[in-house]
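Structural overview
The primary structure of each chain is shown beneath.
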Amino acid sequence: MTKDMNEEAQNARHAEKMKKKKVARDKILATKTIEKGLIIVHTGKGKGKSTAAFGMAFRSLGHGHKIAVIQFVKGAWNSGEKQVLEKFPELVTIRSMGEGFTWETQDRQKDIDNARSAWETAKELILDPSIRFVLMDELNIVLRYDYLPIEEVVSFLKDEKPDDTHVVITGRNAKEELIEIADLVTDMTQIKHPFRSGVKAQEGIEF
């Protein structure tokens, strides 16, 4: 068999294989008919939790949806994402409620008060019928330190979140109760990070 004939046979086998795969895939897709607002959790020790969440925010914004971002911890950061989103005031609401990580503030009561204020704001935005997508950035951090009762957060998301509103929650150490009610959970796994080699957080990469 010549090289051309062998290539032609491989192409034919590939086409047949992909044809069968498409039939199977189409059958699966035909069963997926539900459309609803999702509860999405990005957690884990790896980098990219907030980055991926902001990517979803930009995607939603690209479709003309109104979105809201509540930053529970990183409010003091002047991030690139924040600067971009602020260019679309008619579609984007941003509330930076935190004052930095708890080891920076070193004031537990202030952290609790900030968390409560951010949560009350988040609830208002989630209940706003004009907003399609809400990102609660680093909510998992305040839940980890019990600055907010996990039961209260879970109860609201289960019983009061509008059916067509997407809610994304980021931060390490997501609580099991939150994972249980979520529709989509991603655990970012760290394999390698430049910080361990002495590289500082850099503009355009970490913020």
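The coordinates are above.
Small disclaimer: the values here were computed from a predicted structure and weren't measured.

**Description of the packing of helix H5 (residues 108-127) against helix H7 (residues 150-159)**
Relative to each other, H5 and H7 sit at 5 degrees, their axes nearing to 12 Å. Looking at the two axes, H5 sits roughly parallel to H7. Residues Arg116, Trp119, Glu120, Lys123, Ile126 and Leu127 of H5 pack against Glu152, Val153, Phe156 and Leu157 of H7.

**Let's talk about the sheet that holds strand E3 (residues 92-96)**
Strand pairing in a sheet is mediated by backbone hydrogen bonds. Such pairs are either parallel or antiparallel. Overall, parallel pairing links the 6 strands, which are arranged E3-E2-E4-E5-E1-E6 in an open sheet. In this open sheet, the two edge strands, each paired with only one partner strand, are E3 and strand E6 (184-187). Direction aside, the axes of adjacent strands within the sheet are offset by 10 degrees on average. Bridge analysis of strand E2 (residues 66-71) against strand E4 (residues 131-137) gives 6 bridges, and the strand direction is parallel. When the sheet's bridge partners are listed, Val69 is paired in E4 with Leu135. Relative to the sheet, helix H2 (residues 49-62) contacts strand E1 (39-43), E2, E3, E4, strand E5 (166-170) and E6, its axis offset from that of E4 by approximately 165 degrees.

Conventions and cut-offs
- Numbering of residues starts from 1 in each chain and follows the order in which that chain's sequence is written.
- It should be noted that, the model being predicted, local features are given only for residues of pLDDT at least 70 and side-chain atom pairs only at 80 or more, the latter also being counted only at that level, while totals for whole chains, interfaces and linings use all residues.
- The basis for every side-chain value is the complete set of non-hydrogen atoms in the structure, without hydrogens or water.
- In this analysis an axis means a line fitted to C-alpha atoms, helices contributing only their contacting stretch, and an angle means the value between N-to-C directions, from 0 to 180 degrees.
- Numbering goes from the N terminus for both helices and strands, where a helix is a DSSP run of H or I of at least four residues and a strand is a run of E of at least two.
- Any angle between 65 and 115 degrees counts as roughly perpendicular, while under 35 counts as roughly parallel, over 145 as roughly antiparallel, and the rest as oblique.
- Two residues qualify as a contact provided that any one of their heavy atoms is within 4.5 Å of a heavy atom in the partner residue.
- A pair of strands is labelled paired if DSSP reports no fewer than 2 bridges between them.

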